[in-house]
Structures are given as C-alpha cells and as structure tokens.
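# Structural features, examined
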Amino acid sequence: MYGKNHFCEYFGMKGVSRRGEIGRLEKIVFLEKADQQEQLAKKWGFKASDIRELSNHEFFMPGMVDTHIHAPQYSFAGSRVDLPLLDWLNTYTFPTEVKYKDNDFAEEVYTRVVRRTLKNGTTTACYFATIHTAASLLLAEIIDKFGQRAFVGKVCMDLNEFVPEYKEDTDESVKETERFVRELLEKKYQRVQPIVSPRFGPSCTEELLRRLGDLAKARDIHVQSHISENDGEIELVAQMFPNYKHYTDLYDKNKLLTSKTVMAHGCHLSDEELKLFNLRGAAIAHCPNSNFSLCSGILNVQNVLKHNVKVGLGTDVAGGYSASMLDAIRRSMSASNTLKFNKVNETGLTLKEAFRLATLGGSEVLGLDDVIGNFEVGKEFDALLINPKASDSPFDLFAADTSEDIIQKFLYLGDDRNISEVYVAGKQVVPFSSSV
Ligand code: GUN
Ligand code: ZN
C-alpha cells in the first residue's frame, strides 16, 4: 500500500518475506515527499493505481498500545467503580473472574473486548486474563483471529481470603503457568506472546513469587503485575512481607523486576524505588482512569520520566471504566494538570507527550519499540486511519483549523466513529473481515 496526503506526505509499505514462504510482514519501506512519486515508483516498482490517496482532512497515526487491561473485567466495564481497590477486588472483581472457568462465558466477553479495543484503535494490548489456563489460551486464540498484537497473562494467585474459590495452590499456579506458556508458544501465533502474571503482592505467597521469577528468568519472558496503586495495598504488603525494604524490593528480590517487566500504577512509588526500576530497566503502565475512579492516587509521570523509567498508558479495564486509549490520553492530561495546579509540578504534560505515551511509550514498555510505535522505516505498519469528518463525527471542524488543531480535536473529542480503518502489521483488521 502506498498513501499520500498533506498530513503524512508519502509512505510506502511492502511485504517482506520472513523465512522464505512462511508469512509476510508488512513493513514501512519509505517515507518521502509526494513530489518524489515518479522516482519512488521506479525504485519500488509500484504503479499509479497502487497509490491510495487520502482526503485532505484524513491522516494516519500509529496504532495505540494499551499496556495494561484486564480482559475478563470488560464484562463489567462502566459499572462498579464505587469502592477503594481492596474492597473493589473482593466485592466485584474476584466474584466475576471466577466465572471464567466456563469457556462459553469467556468466549463471549473475550470476543467483545478484542473487538471493542481494536475498533477504538488499540493495535497492541497487554492483557491480564484469569487463573484459568483454558480460558486464557482461548483469549490468545481470539486475539490472533482478530489480528491484534498482544501479550496475554494467565493470572497467578495462591492467596484469597475473601473469595477462597478464586485462587490456586502454589504448585498448581506454577505448573499451569508453565503449561500456559508452553501451549501458547506451541500455537506459533505471530503476534501474541505469553507474559508471566503474578496478580500483586497481597494475592501471592513469597514462594509463588520466587518460583514465577525463576520461571520468567529461565524462559526469558515478560512479566506483569501491579505495584503501589493504593495506600491500603501498600500497608498490606508491608505487613505481609516485613523482610523486604519496600514493595519494589519484594518483586526485585524474587526476580520479577527485569527489563521485560511492566508494573501497573506505581502511584505511590518512592524515588528510591524508581531508581531501582531504572536500574533494572523495568517499566510502568500509567492507568489514570482507574486511579481516579478507584480514588487510588496520581502517578507523577514527569517524575518517573526524570528517573529515566519507561512509561506507557493503560486503560486498566475495569478499574478504569473506559476501554479506549483516547480516554487514557485525556485522563493522563487531567492527572498531569492536577499535579500542576496543586503545585507538585511546575509544568504539565503536553498533549504531544501524552500521545507519545500512548504509542511509542507503550511500545518501549513492552519491548516492541524496534517493531512498532511510530512510522519509522523498517517498523511494522500498525496504524489508524483517522477521518475527522466522518459523517457521525462527535466534533466539528472549521475553516481556520490547522492540521495541528484537527489532530488535537481528534485526540480530545474523537472516538471510534473517526477511526475508519485499523492496520496491524499492514493487515487491515478494522472494519472486521467477514471471516471473524
Ligand atoms: N491489583 C490487583 N489486581 C488488580 C486488578 O484487577 N485491578 C486493579 N486496578 N488493581 C489490581
Ligand atoms: Zn490492573
């Protein structure tokens, strides 16, 4: 595909063979000015009829990366955000997640969450599933079928006082994680990878954390969990694990804080803990909708960036009530403005910085920044075609609007009605094909 208009000038994509005949990767092969068309056609061997010319108001943007989302919680997204974290987990979340022992129930919700996130421009997602291996593998299968790029984690938890039927034995949790990783890798999905997922400190024994850390290290795979989201959680971790210096130390000493780790929230991390994140190369998923909705706190993104720690945005469905990464961008602006008017920071994030967090930042968090995140030559084409003049667009354009204004209006006011096409590795995945 080749495209041009006044926003993005000109770019080209081409199938690049990978291991001979097996699969094709659609990568960006050039980014040039539109007046180079003739030379480019010669060099890359395309015809005028291969060119897709966009309307003047349309533009492509990189696909968005949701660095933290709970697929099973999508069933109650938009409801039940009226309790603080620990009560919210015990009252709403655990009783819902138990239901995923039923694969039929899982199939319905998982299909809907993948469709909803793709339609809203999430080309890559880092999912928590539940403790159930079968349903977690089903989630991976559905993601692959729809063509989304993702990490999927079977949740691990061997402690649960309030909903005792929703936990595993320590041994079972480790063995099922090994099985989940093995069976998922055996499927050889091109863009769906397993991620080791201890739920968080209060749900895990020290033994489980240690064995999962060993497993992640032995397999060299990614890790995700939650950290320092809310005061009650932090106090509980201090009580449960008195031999550790702080929450970050708990994960670090158990080999769970690595350059392949993404920890959600981190609202209350100390500078000392952030230094350890930096030392290990671990990353943070900033989930502002969830942090506001559950009244957990506010992550100081600028302080995290000052410590050279990678940050991306997450919806944290369903602690966050919206599955849209556009919402995550907007909430990150509000969170940052709150820190500014409370004089915690002198300046706030710019919209450009928030946009970067939702795209390239997210790709860095998941170790995918050499593959996706922006439109650099050599990267795979994960992209959204934005139509700010869609017939049912929720915002209006006026003659005086500059390109910059139009992009800002889309980011602040747009929604899936403006996302007319979605591509993952050059393959169009929205509108959905009739075969899925
Ligand atoms: N901490 C542990 N589990 C969860 C969860 O499901 N959601 C949120 N927001 N925090 C958690
Ligand atoms: Zn979460």
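The preceding data block contains the structure.
Okay, so let's go over this structure. (Residues numbered from 1 in each chain as written. Chains lettered and ligands numbered in written order. Predicted model: local features only at pLDDT ≥ 70, side-chain atom pairs only at ≥ 80, totals over all residues. Heavy atoms only, no water.)

## Focus on the side chain of Lys379
- Position of Lys379 among the secondary structure elements: in the loop between α13 (351-365) and β15 (383-386).
- Buried within the structure, Lys379 lacks any salt-bridge partner; Glu376 is the closest side chain of opposite charge, at an N-O distance of 4.1 Å.
- There is a polar contact of 2.8 Å between the side chain of Lys379 and the backbone oxygen of Asp369.
- When neighbours within four sequence positions are excluded, Lys379 is seen to be in contact with Lys27, Ile28, Leu360, Asp369, Asp370, Val371, Ile372 and Asn374. (Helix = DSSP H or I, 4+ residues; strand = E, 2+ residues; numbered from the N terminus. Buried < 20%, exposed > 50% of the residue type's maximum accessible area, 1.4 Å probe, protein only. Lys, Arg positive; Asp, Glu negative; His and termini not counted. Salt bridge = Lys/Arg side-chain N within 4 Å of Asp/Glu carboxyl O. Polar contact = N/O pair within 3.5 Å; in protein donor to acceptor, adjacent residues only side chain to side chain. Contact = heavy atoms within 4.5 Å.)

## What about the coordination of the zinc ion (ligand 2)?
- Around the zinc ion (ligand 2), the protein supplies His68 (NE2), His70 (NE2), His226 (NE2) and Asp316 (OD) as donor atoms, at distances of 2.0 to 2.3 Å.
- Of note, the donors binding the zinc ion (ligand 2) are all from one chain and are spaced H-x1-H-x155-H-x89-D. Linking His70 in strand β6 (residues 64-70) with His226 in strand β11 (residues 222-227), this pair joins segments that are 156 residues apart in sequence. Comparing His70 with His226, the two get one shared label, buried. (Donors = N, O, S within 2.8 Å, 3.2 Å for Na, K, Ca; no water.)

## Let's talk about the site of ligand 1
- Within the structure, ligand 1 sits among His70, Gln73, Leu85, Trp88, Leu89, Arg199, Phe200, His226, Glu229, His265, Ser290 and Asp316.
- Measuring from an oxygen atom of ligand 1, one finds a side-chain N or O atom of Arg199 at 2.7 Å.
- Expressed as a share of its isolated accessible area of 280 Å², the protein-covered part of ligand 1 is 100%.
- Ranked by the residues each element gives to the shell around ligand 1, the list is headed by helix α2 (residues 85-97), at 3 residues.
- Tallied by class, the residues present in the shell around ligand 1 amount to 4 nonpolar, 5 polar and 3 charged. (Near = heavy atom within 4 Å. Areas by Shrake-Rupley, 256 points an atom, 1.4 Å probe, with all protein chains shown as cover. Nonpolar A, V, L, I, M, F, W, Y, C, P; charged D, E, K, R; others polar.)

## Let's talk about helix α6 (residues 206-219)
- A rise of 1.5 Å per residue sets the reference length of α6, with its 14 residues, at 20 Å; its end C-alpha atoms lie 20 Å apart and thus fit the reference within 8%.
- Those residues of α6 that fall on the buried side of the exposure criterion are Leu208, Leu209, Leu212, Gly213, Leu215 and Ala216. What you see down the axis of α6 is that its buried residues fit within an arc of 160°, all on one side. Residues of α6 that are exposed and point over 90 degrees away from its buried face: Lys217 and Ala218.
- Looking at the buried side of α6, the elements it contacts are β9 (155-156), α5 (170-186), β10 (192-198), β11 and α8 (247-253). (Expected span 1.5 Å × (residues − 1). Arc of directions from axis to C-beta.)

## A look at the sheet that holds strand β5 (residues 59-62)
- Strand order in the open sheet formed by 4 strands is β5-β15-β16-β17, and the pairing between neighbours is antiparallel. Edge positions in the open sheet fall to β5 and β17 (427-430), since each of these has one partner strand only. Averaged over all pairs of adjacent strands, the angle between strand axes in this sheet comes to 30°, irrespective of strand direction.
- Helix α14 (residues 403-413) rests against β5, β15 and β16 (419-424) of the sheet, and its axis sits at about 55° to β5. (Pairing = 2+ DSSP bridges. Axes fitted to C-alpha atoms, helices over the stretch in contact; angles between N-to-C directions.)

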